[in-house]
Protein chains: 2
Amino acid sequence: MYKIYETKERVTADNDKEAEKLRSYLKEKNVFFVNLMGSPGAGKTSTLTRIINALKDKYNIGVMEADVDSSVDAETISKLGVKVIQLHSGGLCHMDADMTRRGVDMFGIEDLDLVFLENIGNLVCPAEFDVGSAIRMMILSVPEGDDKPLKYPLMFTVSDCMLINKIDTKEIFDFNEELCRERAKKLNPDISIFPVSCKDGTGFDELVSWLETKITEWRNS
Amino acid sequence: MYKIYETKERVTADNDKEAEKLRSYLKEKNVFFVNLMGSPGAGKTSTLTRIINALKDKYNIGVMEADVDSSVDAETISKLGVKVIQLHSGGLCHMDADMTRRGVDMFGIEDLDLVFLENIGNLVCPAEFDVGSAIRMMILSVPEGDDKPLKYPLMFTVSDCMLINKIDTKEIFDFNEELCRERAKKLNPDISIFPVSCKDGTGFDELVSWLETKITEWRNS
């Protein structure tokens, strides 16, 4: 037996307004903006690397790397020959719309048509803060466990697609993919799910083709 | 090439005062309090299960399970026959000292001598918020990668010990244990490091013995 105790609530109304403004601005500029989220080590940078390599000849891509205070990922991504900016949150565990807009202003997006924000590694707060993206992409990695939709439901609820990364290690971690899919779909029936492996490339053709469809739909909307 | 942009800073002065008050109170009550932190899926609940099974005949143990809004872990821990309370943060990504003190008040610690807080799965904010614990224990799991001390330095800087969990998967993930240790020690030369596996029990004898030494030192301080 245990007691349940609710501690605090958070207000994000202003953020939603800022996010809508940024989304309209980016639509006007024809920049498709993806908010990429996931736990530390889920494989956000490796996923971006695979997507960028698949799409960089077709789109002008930019990446905003958000980190608490290092620049490790910006260094990795800048080697791919795309435009990169490093945003430091100064300790904060997520990006909000205002911080993102300031990042966009500094970045300069006039020459771009596809921009990714690699959000700070965290399954909690980034889910609460709309950053004005066209879509939200989240990564759960197999070693984190198939119970994560139960424990961090908001992330699964707000995301347009969910990557199950490191799928090649499914057997080692007794990861129940079907159960994980069910748990995510229960929270969000519309979520698109892609089992992928950044290591061997599994699933990236499907993911990239889904992303391109989304871009086309958005351009025609 | 990329630009670096500092977005925000956070003030935690009041929290530090609250934390000191709670720490003094717990010392008076002779309750050794451990703040357990790590990413989602790093193995916090499995680690607690191993520690509790090793120590429950010697200590009266209590566990405060902090979660965004589920009770999955409290259910698991309550089966071990120790006192458990579930704290819900209502969306917040960390516990602060005030929330923890309110949890302690509701929990009732008079009959306990060893209390764990399983903090919310997050490598960022929990590191910033002293919750009044005697020690801070953090878990990094092998699949997260050996570069995490570079990306989330504060967590490694403030922790008394670091568990490298899922050490049995070191080869699969090309995890460089020596490099990871070096990176952590560079941030925090005093950190005690324990490679462990919740799956096969590796390293828990050493960890539990270290923990008991810490409790004895604290009681004699």
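Residues numbered from 1 in each chain as written. Chains lettered and ligands numbered in written order. Predicted model: local features only at pLDDT ≥ 70, side-chain atom pairs only at ≥ 80, totals over all residues. Heavy atoms only, no water.

*Asks:* Looking at this structure, I do not really get the environment of G81 of chain A. What am I missing?
*Replies:* Among the structural elements, G81 of chain A can be located in the loop between α3 (72–78) and β4 (83–88). Counting along the chain gives 13 residues from G81 of chain A to V68 of chain A, while the straight-line C-alpha distance between them is 24 Å. (Helix = DSSP H or I, 4+ residues; strand = E, 2+ residues; numbered from the N terminus.)

*Asks:* Looking at this structure, how should I read the interface of chain B and chain A?
*Replies:* Taken together, the contact between chain B and chain A spans 59 residues of the former and 59 residues of the latter. Both faces considered, chain B and chain A share a buried interface measuring about 5100 Å² in area, 56% of it formed by carbon and sulfur atoms. Taken together, chain B and chain A are joined by 4 salt bridges. Between K151 of chain A and D67 of chain B there is a salt bridge whose closest N-O contact spans 3.7 Å. In this structure, the connection of chain B to chain A is made through 8 residue pairs in polar contact (both at pLDDT 80 or more). Within the residue set of the side of chain B that touches chain A, elements represented by two or more residues are β1 (4–6), α3 (72–78), β4 (83–88), α4 (97–107), α5 (125–128) and α6 (148–151) of chain B. Residue composition of the side of chain B that touches chain A, grouped by class: 25 nonpolar, 15 polar and 19 charged. (Contact = heavy atoms within 4.5 Å. Buried area = accessible area lost by both parts, 1.4 Å probe. Salt bridge = Lys/Arg side-chain N within 4 Å of Asp/Glu carboxyl O. Polar contact = N/O pair within 3.5 Å; in protein donor to acceptor, adjacent residues only side chain to side chain. Nonpolar A, V, L, I, M, F, W, Y, C, P; charged D, E, K, R; others polar.)

*Asks:* Mind showing me how you'd approach the side chain of N15 of chain A here?
*Replies:* Within the element layout of this structure, N15 of chain A appears in helix α1 (residues 13–28). In contact with N15 of chain A, other than residues within four places in its own chain, are D96, A97, D98, F129 and D130 of chain A.

*Asks:* What am I meant to see in the nonpolar core here?
*Replies:* Across soluble globular proteins, you tend to see nonpolar side chains buried next to one another. With 82 residues, the main nonpolar core has M64 and M162 of chain A together with M64 and M162 of chain B as its most contacted residues. With near-sequence residues (within four places) excluded, M64 of chain B lies in contact with F33, I85, L87, T100, G103, V104, F107, V115, F116, L117 and E118 of chain B. (Core = buried A, V, L, I, M, F, W, Y, C linked by side-chain atoms within 4.5 Å. Buried < 20%, exposed > 50% of the residue type's maximum accessible area, 1.4 Å probe, protein only.)

*Asks:* Can you help me understand the relation of the copies chain B and chain A in this one?
*Replies:* Note on the chain copies: they are related by a rotation about an axis and a translation along it. The two copies are related by a screw operation: chain B maps onto chain A through 180° of rotation and 0.0 Å of translation along the axis, at an RMSD of 0.0 Å. With respect to symmetry, the two chain copies, as superposed, fit the operation of a two-fold axis. Nearest to the rotation axis, the C-alpha of N122 of chain B is located 2.9 Å from it, this being the minimum over chain B. Of all interface residues in chain B, 100% are interface residues in chain A too; the two copies therefore contact each other through one and the same surface. (Least-squares fit on C-alpha atoms with pLDDT ≥ 70 in both.)

*Asks:* Can you walk me through empty space enclosed by the protein in this structure?
*Replies:* The gaps left among the atoms become clear once a water-sized probe is rolled over them. Within the structure shown, the criterion is met by 1 cavity of 30 Å³ or more. Volume-wise, the largest cavity comes out at about 50 Å³. Around the largest cavity, the lining residues are P40, G41, S141, P143, E144 and K166 of chain A together with P40, G41, S141, P143, E144 and K166 of chain B. (1 Å grid on protein atoms, 1.4 Å probe; cavity = no way out; pocket = protein on both sides within 12 Å on 5 of 7 lines; lining within 4 Å. Points joined across faces, edges and corners; volume = space filled by probe spheres on them.)

*Asks:* Which parts of the structure should I look at to understand the confidence of the model for chain A?
*Replies:* A low pLDDT means the predicted coordinates there should not be read in detail. Residue and element names in this part refer to chain A. Averaged over all residues, the pLDDT of chain A equals 92, while 95% of them reach at least 70. Confidence over residues 5–11 falls short of pLDDT 50; this stretch has 25 contacts with residues more than four positions distant or in other chains. Both scores are given for the predicted complex: the pTM is 0.90, the ipTM 0.87. (pLDDT = per-residue confidence, 0-100.)

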